[in-house]
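# Reading the structure
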Amino acid sequence: MSRTIYKIAEYVLTFFFIITLNFFLPRFMPGDPFTFLSSDAGDVTVTCSQAQIDRYKSYYGLDLPLKDQYLHYIGNLFTGDIGYSIYYNDDVVRIIGNRACWTVMLVVVSLILSGIIGTIIGSLSAWFRGRLFDRAAYLFLVGFSEIPAFLTGLVLLFVGGAWLGWFPLSGGIRPFTEFSSVISRTADIIHHAILPVLAMVLTRLGDFYLLSRSSMLTVLSRDYMRTAKGKGLSKPRILFGHALRNAAIPVVTRLFLSLGTIFGGAVLVENVFNYPGIGRLMREAVMVRDYVLIQGIFIFVALSVLSMNLIADILIRKMDPRIG
Amino acid sequence: MNAARISLAIILLVTAAGIFSQWVAVHPHNLPSGNALEAPSPNHWLGTDDLGIDLWAQICHGAGVSVLVGVSAALLAGIGGSLIGMLAGYLGGIADRITMRMTDMMIILPDLPTMIVLGAFFGPGLINIILVLALFSWTGTARIIRSRILSMKQEQYIAAAQSYGAGFVHLAKTHFIPGVLPIALASIIRLTGRAIVAEASLSFLGLGDPTSKSWGLILNHAINFKGIYFMDCWKWWIMSPLVAILILVGAFAILARENETSAVSAFQK
């Protein structure tokens, strides 16, 4: 129990590190918002007088000592006030909320798919160890796992979308369309999501495959597997009924732990497919230098990855009492 | 072992193409030398982009940028991480605990979003990219080296050397560095491949150095070109930098894998 508390303390510490980093980054940068305002885009020059600068500095609380600014920032954060986007003229939390569901859908679907498919191929591979199927699957999946998802996505987009015309080129749903029913709407969303999900699944698959294959190889060499064979049980029943149940534990925890990596992959893949999620929002915010929005997205991503890691940590302890 | 040699040869070839890009490619990499969007021909081996700039020249020039960024970020992270790992393992106690908690935190942090934020705030530029990449990849090396040092500290020859009054610098020079060199080398090879991918990702998002055109930046320009989906030009404009990244990253991945297997089998003998 004390280990769990220790673990949670570590996560809280990491979270504070992240928000502190988030606070200090813009303040360490050379220049301040007013030099940016004064010379925007080169041709339009807005010059602020010293009195105006002082007024805005006190309006935004930038003339307070750093300590007070920091406390103010933490206080706002915990009341759910991350800030107001300069470019979109909207509350940062609301903008992120509008986009988050797309990214969460992509990430969750591709994680679950790659977990399931990877485990099935991995178990079959362990069962047929050394045969052609094993070797082919190993080469194919491990090879794909070395390719970053956005490159796979680019190939899929241009071959499947632009060349063959089977899939839409961009977006998450067909714009300006009235859908006659929920089913056709869902079908359209799925149609748009197939290629991005496929790109991410192909990249993640190798990881789950290797994990479940090695875990299955260990399980298959155990005595209770020989017992199951001796009882004359059918092969599928031995493989999926007895062995898989034991081999799946590391796969489940890896599902949660790989969330950070797959988030990074999703940021890139969304930009390849112009998918309306957090990743594209992040790039748009970077392009228009909307620092408040960038920081808000960063906090959102960090917080969700941290909480998933914490859940994974607790789950491992619950499922396997040997890890204390 | 054969696969390792072939991939090493590929890496050296790409590096050479990057260093001698002015002579490998006939056309300049920053000036138009033909019509816009020409298909590959004997004159323009990989065709041209929307400004009529030869793509083969751009790929050769970009090879230099990719290898430079990848190798320097990996060297920085590998050497820095090894030093930190050695110190943490040698000193133990509070210093060790603090470093390990720091690596824990860095591992949990989602690296690409953090790199985007850092890149956005510190501005584009090769040095900044190298620093950000190094900052995010030293942890793994530090952990491996630390655990190796911990097991080395149990050996009797270390205790003997210490009893003669050997300090950290002497121990590091005569025992630690030769002992961890194979592991450090293996992780530097791994890191190089990952740094090349990370650089390509950042510049694909438009966060790279706009003045040094890397492969990711060529992809960024191509995908932002209006009409790229409806013309044939993607077949050379998108595919050539993409295949270039794949070849280089694949070569590094195979080299790392072969290196690790040979290290493990040498260890088991």
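Keep in mind that what you see is a predicted model, and the values were worked out from it rather than measured. (Residues numbered from 1 in each chain as written. Chains lettered and ligands numbered in written order. Predicted model: local features only at pLDDT ≥ 70, side-chain atom pairs only at ≥ 80, totals over all residues. Heavy atoms only, no water.)

## Looking at the overall build of chain B
Along its length, chain B carries 12 helices and zero strands. Of the regular secondary structure in chain B, the N- to C-terminal order runs α-α-α-α-α-α-α-α-α-α-α-α. With the principal axes as the frame, chain B shows a C-alpha extent of 75 × 45 × 25 Å. If you take every contact in chain B between residues at least 6 apart in sequence, the share linking residues at least 24 apart comes to 69%. (Helix = DSSP H or I, 4+ residues; strand = E, 2+ residues; numbered from the N terminus. Contact = heavy atoms within 4.5 Å.)

## Section: helix α3 (residues 55-91) of chain B
Residue and element names in this part refer to chain B. Relative to the 54 Å expected for 37 residues at 1.5 Å per residue, α3 spans 53 Å between its end C-alpha atoms, a close match to the ideal helical length. Measuring from the backbone nitrogen of A57 back to the side-chain oxygen at the start of α3 gives 3.2 Å, which picks out D54 as the cap. In the segment just after α3, G92 is the residue with positive phi, at about 65°. (Expected span 1.5 Å × (residues − 1). Polar contact = N/O pair within 3.5 Å; in protein donor to acceptor, adjacent residues only side chain to side chain.)

## Topic: the pattern of salt bridges
All names here are of chain A. In the structure shown here, the tally under the stated rule is 10 salt bridges over all chains. Put simply, R213 and D134 hold a salt bridge, and the shortest N to O gap is 3.0 Å. Of the two residues, R213 is situated in helix α8 (residues 182-220) and D134 in helix α6 (residues 132-145); the sequence distance between them amounts to 79 residues. With respect to class, R213 is no different from D134; both count as buried. The partner of R280 in a salt bridge is E284, with the nearest N and O atoms 3.0 Å apart. Separated by four residues within a single helix, R280 and E284 lie in helix α12 (residues 278-287), roughly one turn from each other. By sharing partners, the salt bridges in this structure join R99, R280 and E284 into a single network. (Salt bridge = Lys/Arg side-chain N within 4 Å of Asp/Glu carboxyl O. Buried < 20%, exposed > 50% of the residue type's maximum accessible area, 1.4 Å probe, protein only.)

## A few points about the nonpolar core
Core analysis: the biggest nonpolar cluster contains 123 residues, and L154(A), F158(A), I116(B), F204(B), W215(B), I228(B) and W237(B) have the highest contact counts within it. Each of domain 1 (2-78) and domain 2 (92-319) of chain A contributes no fewer than three residues to this core. In this structure, M86(B), M152(B), L171(B) and F176(B) belong to the second largest nonpolar core, which totals 13 residues. (Core = buried A, V, L, I, M, F, W, Y, C linked by side-chain atoms within 4.5 Å. Domains from an automatic or database assignment.)

## A short note on the interface of chain B and chain A
At the interface, 40 residues of chain B touch 45 residues of chain A. Together, the buried faces of chain B and chain A total about 3900 Å²; carbon and sulfur atoms form 80% of this surface. Three residues, I108(B), F121(B) and Y229(B), lead the burial of chain B against chain A; their summed loss comes to 20% of the area buried on that side. Taken together, chain B and chain A are joined by two salt bridges. Salt-bridge contacts for E146(A) lead to R190(B); the nearest nitrogen and oxygen are separated by 4.0 Å. Across the contact surface, chain B and chain A share two residue pairs in polar contact (both at pLDDT 80 or more). Among the elements of the structure, α4 (93-108), α5 (111-122), α9 (168-204), α10 (215-224), α11 (234-237) and α12 (239-268) of chain B are those that each provide at least two residues to the side of chain B that touches chain A. (Buried area = accessible area lost by both parts, 1.4 Å probe.)

## Points about the environment of V201(A)
All names here are of chain A. With respect to the helices and strands, V201 occurs in helix α8. Spatially, the C-alpha atom of V201 lies 22 Å from that of I311, the residues being 110 residues apart in sequence. When neighbours within four sequence positions are excluded, V201 is seen to be in contact with S110, L113 and S114.

## Some remarks on empty space enclosed by the protein
Using a probe with the size of a water molecule, rolled over the atoms, empty space left in the structure can be pinpointed. Residues and elements named next belong to chain B. If you walk through the whole model with that rule in mind, you get two cavities of 30 Å³ or more. M115, L118, G119, F122, G123, P124, G125, N128, I129, V132, L202 and L207 together form the lining of the largest cavity. Of all elements in the fold, only α5 and α6 (126-135) reach the threshold of two or more residues within the lining of the largest cavity. Its residues assigned to classes, the lining of the largest cavity comprises eight nonpolar, four polar and no charged. Of the volumes computed, that of the second largest cavity is approximately 40 Å³. Taken together, V24, A25, V26, H27, N43, W45, D54 and W56 make up the lining of the second largest cavity. (1 Å grid on protein atoms, 1.4 Å probe; cavity = no way out; pocket = protein on both sides within 12 Å on 5 of 7 lines; lining within 4 Å. Points joined across faces, edges and corners; volume = space filled by probe spheres on them. Nonpolar A, V, L, I, M, F, W, Y, C, P; charged D, E, K, R; others polar.)

## Remarks on helix α10 (residues 235-257) of chain A
Residues and elements named next belong to chain A. For α10, built from 23 residues, the straight-helix expectation of 33 Å at 1.5 Å per residue is met to within 8% by its first-to-last C-alpha distance of 32 Å. The largest bend along α10 reaches roughly 55° and is located at L244. Among all positions of α10, only I238, L239, A243, L244, A247, V251 and T253 are buried. (Bend = angle between axes of the 7 residues up to and from the residue.)

## Considering unusual backbone geometry
Within the chain, N274(A) stands out as a residue other than glycine whose phi angle is a positive 50°. By secondary structure assignment, the location of N274(A) is in the loop between α11 (259-273) and α12.

## Considering the domain arrangement of chain A
Residue and element names in this part refer to chain A. Here the domain parsing of chain A yields domain 1 (2-78) and domain 2 (92-319). Summarising the inter-unit geometry, the C-alpha centres of domain 1 and domain 2 are found 35 Å apart. In total, about 1300 Å² of surface goes out of reach between domain 1 and domain 2, with carbon and sulfur atoms giving 74% of it. When the buried surface of domain 1 facing domain 2 is broken down by residue, Y11, I18 and N22 rank first, second and third, together holding 42% of it. Along the contact surface separating domain 1 from domain 2 lie zero salt bridges.

## Thoughts on the side chain of T14(A)
Of note, T14(A) is situated in helix α1 (residues 2-28). Excluding its chain neighbours within four sequence positions, the residues that come into contact with T14(A) are L306(A), M105(B) and I108(B).

## A short note on the side chain of Q58(B)
Residue and element names in this part refer to chain B. Of note, Q58 is situated in helix α3. Classification of Q58 as buried rests on a relative accessible area of 1%. Side chain to side chain, Q58 and K213 meet in a polar contact 3.2 Å long. In this structure, Q58 is in contact with H29, D49, I53, K213 and I218, ignoring residues within four places of it in sequence.

## Focus: the packing of aromatic side chains
Residues and elements named next belong to chain A. The final tally for this structure, using the stated rule, is 16 aromatic pairs over all chains. Aromatic pair F23 and Y70: ring centres 5.0 Å apart, planes at 65°, arrangement edge-to-face. Taken as a pair, F23 in helix α1 and Y70 in helix α4 (residues 66-78) lie far apart in primary sequence, 47 residues in all. Consider the rings of F128 and F133, whose centres lie 6.1 Å apart with planes at 75°: the pair is edge-to-face. Its relative accessible area of 26% is what places F128 among the partly exposed residues. F133 sits in the partly exposed class, given a relative accessible area of 38%. Cluster of aromatic residues (ring-pair linked, three or more members): F23, F24, Y70 and Y73. (Phe/Tyr/Trp six-rings, centres within 6.5 Å; stacked < 30°, edge-to-face > 60°.)

## Let's talk about the confidence of the model for chain A
Residue and element names in this part refer to chain A. Mean pLDDT over chain A stands at 80; residues scoring 70 or higher make up 91%. Across chain A, the element-wise mean pLDDT spans from 44 in strand β1 (residues 39-40) up to 89 in helix α5 (residues 92-127). Below a pLDDT of 50 lies the segment residues 38-44, which in the model reaches two contacts outside its immediate sequence neighbourhood of four places, other chains included. (pLDDT = per-residue confidence, 0-100.)

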